[in-house]
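The primary structure of each chain is shown beneath.
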Amino acid sequence: MLLSTLKRKSMIVALLYLALAGAYLLVVPIAVMLYLKQRWYVASSIERTVMYFMVFFFLPGLLVLSPFVNLRPRPRQIEV
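Counting restarts for each chain, with residues numbered from 1 along the sequence as it is written. With pLDDT at 70 or above as the cut-off, local features in this predicted model cover only qualifying residues; side-chain atom pairs require 80 or more to be listed or tallied, and sums for whole chains, interfaces and linings still use all residues. Only hydrogens and water are removed before side-chain values are computed, so all heavy atoms of the structure are retained for them.

In the annotation of an unreviewed UniProt entry, the protein chain is listed under the name NAD(P)H-quinone oxidoreductase subunit L and assigned to Nodularia spumigena UHCC 0060. UniProt positions are given in the numbering used here, feature names are shortened, and annotations may be inferred rather than shown by experiment. One UniProt comment on the protein chain, placed under Sequence similarities (unreviewed entry), says "Belongs to the complex I NdhL subunit family." A UniProt comment under Subunit (unreviewed entry) is attached to the protein chain, and it reads "NDH-1 can be composed of about 15 different subunits; different subcomplexes with different compositions have been identified which probably have different functions."

Set out below in C-alpha cells:
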C-alpha cells in the first residue's frame, strides 16, 4: 500500500518536472521568438529591456531552437 502510493507520487513529480522542462525549453522560447520577430524594430526602450531579459532568462531554450529559425529580414522588392 505504502509502496504503491510512493510510486504514484514519484510519477506525478516526474511528470511535473517533464512538463516544466518542456515549457522552459520549448513552449516559452517559441513564444519569445515570435514576440521578438514581431516587435524588434518598433519596440520602445523599456520594452527592449524586457526583451533582453527574456532572451537572457530563456537562453537555453532559444539555443535549442536556434538551428531551426531564420530571423533575417526579407529581401526588398524593387519596382522598376
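Additional details are given in the paragraphs that follow.
**Some remarks on the UniProt feature "transmembrane region" (unreviewed entry) in the protein chain**
Residues annotated in UniProt with the feature "transmembrane region" (unreviewed entry) correspond here to residues 12-36 and 51-71. The straight-line gap between the two end C-alpha atoms of residues 12-36 is 34 Å; of that span, 100% is helix and 0% is strand. Put simply, DSSP marks the helices as runs of H or I at least four residues long and the strands as runs of E at least two long, and each gets a number from the N terminus on. Structurally, residues 51-71 comprises 67% helix and 0% strand, and the distance from its first C-alpha atom to its last is 15 Å.

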